[in-house]
Amino acid sequence: VASVEKHLAEFHVEMGEALERTSAALDAGSTNLESFTSAQRNLKTKVVALANTVASITLGEDNYNRHLVLFGRTLGWSHAEALLKNMPN
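A short tour of the structure in this document, coming up. Note that this is a predicted model, so its numbers are computed, not measured.

## So, the overall build of the protein chain
(1) Moving on: For the protein chain, the count of helices and strands is four helices and zero strands.
(2) Moving on: Its helices and strands in sequence order give the protein chain the pattern α-α-α-α, from N to C terminus.
(3) Moving on: Rg of the C-alpha trace for the protein chain: 17 Å, well past the compact-globule value of 12 Å for 89 residues, more than 25% over.
(4) Moving on: Of the contacts made within the protein chain by residues no fewer than 6 positions apart, 36% connect residues no fewer than 24 positions apart.
(5) Moving on: Here the protein chain carries 8 positive and 10 negative side-chain charges, and the mean point of each set is 8 Å from the other.

Encoded structure:
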């Protein structure tokens, strides 16, 4: 799926840039890893969103929404409530 490939390429670029910034900072004597740590946190959020998109495509939107309603709230998935609020009725 083209959108998945696009997202994966963006993830690669973002993490590569963060790694370059962190390496440069370390070479300059800094021990601050915040740039890389922040990029990792952002990446985790984006990967969860990508996984939800892939699941929706794979299962079909109606099945995915049913799955989200049945399991998302019950399992305490933090992203389920936000996704359910944005679901069409």
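## Regarding the pattern of salt bridges
(1) Moving on: Scanning the model with the defined rule gives three salt bridges in all.
(2) Moving on: One salt bridge connects Lys-6 with Glu-10, and the closest N-O pair in it is separated by 3.0 Å. Of this pair, Lys-6 and Glu-10 both sit in helix α1 (residues 2–27), four residues apart, which is roughly one turn of that helix.
(3) Moving on: For Glu-14, the salt bridge is made with Lys-46, and the minimal N-O distance between the two is 2.7 Å. Here Glu-14 is found in helix α1, whereas its partner Lys-46 is found in helix α2 (residues 34–59), with 32 residues between them in sequence.

## Digging into the packing of α2 against helix α3 (residues 61–75)
(1) Moving on: For the pair α2 and α3, the least separation of the axes is 6 Å and the interaxial angle reads 125 degrees. Regarding the angle of α2 to α3, the classification is oblique. Classified by chirality, the crossing of α3 by α2 is right-handed. Judged by residue contacts, Asn-52, Ala-55, Ser-56 and Leu-59 of α2 engage Glu-61, Asn-63 and Tyr-64 from α3.

## So, the side chain of Thr-22
(1) Moving on: Note on placement: Thr-22 falls in helix α1.
(2) Moving on: For Thr-22, a relative accessible area of 6% puts it in the buried group.
(3) Moving on: A distance of 3.4 Å separates the side chain of Thr-22 from the backbone nitrogen of Phe-36, its partner in a polar contact.
(4) Moving on: Dropping the residues within four chain positions of it, Thr-22 is found in contact with Leu-33, Ser-35 and Phe-36.

## Quick look at the packing of α1 against α2
(1) Moving on: At a minimum axis distance of 9 Å, the contact between α1 and α2 shows a crossing angle of 170 degrees. Viewed along their axes, α1 and α2 adopt a mutual orientation that is roughly antiparallel. Contact residues: Val-4, His-7, Leu-8, Phe-11, Glu-14, Met-15, Ala-18, Leu-19, Arg-21 and Thr-22 in α1; Ser-35, Phe-36, Ala-39, Gln-40, Leu-43, Lys-46, Val-47, Leu-50 and Val-54 in α2.
(2) Moving on: The residue inventory of the contact of α1 with α2, partitioned by class, reads 12 nonpolar, four polar and three charged.

Cut-offs used in this document
Residues numbered from 1 in each chain as written. Predicted model: local features only at pLDDT ≥ 70, side-chain atom pairs only at ≥ 80, totals over all residues. Heavy atoms only, no water. Helix = DSSP H or I, 4+ residues; strand = E, 2+ residues; numbered from the N terminus. Rg over C-alpha atoms; globule rule 2.2 N^0.38 Å. Contact = heavy atoms within 4.5 Å. Lys, Arg positive; Asp, Glu negative; His and termini not counted. Charge placed at Lys NZ, Arg CZ, Asp CG, Glu CD. Salt bridge = Lys/Arg side-chain N within 4 Å of Asp/Glu carboxyl O. Axes fitted to C-alpha atoms, helices over the stretch in contact; angles between N-to-C directions. Parallel < 35°, antiparallel > 145°, perpendicular 65-115°, else oblique. Left-handed = near helix turned anticlockwise from the far one by under 90°. Buried < 20%, exposed > 50% of the residue type's maximum accessible area, 1.4 Å probe, protein only. Polar contact = N/O pair within 3.5 Å; in protein donor to acceptor, adjacent residues only side chain to side chain. Nonpolar A, V, L, I, M, F, W, Y, C, P; charged D, E, K, R; others polar.

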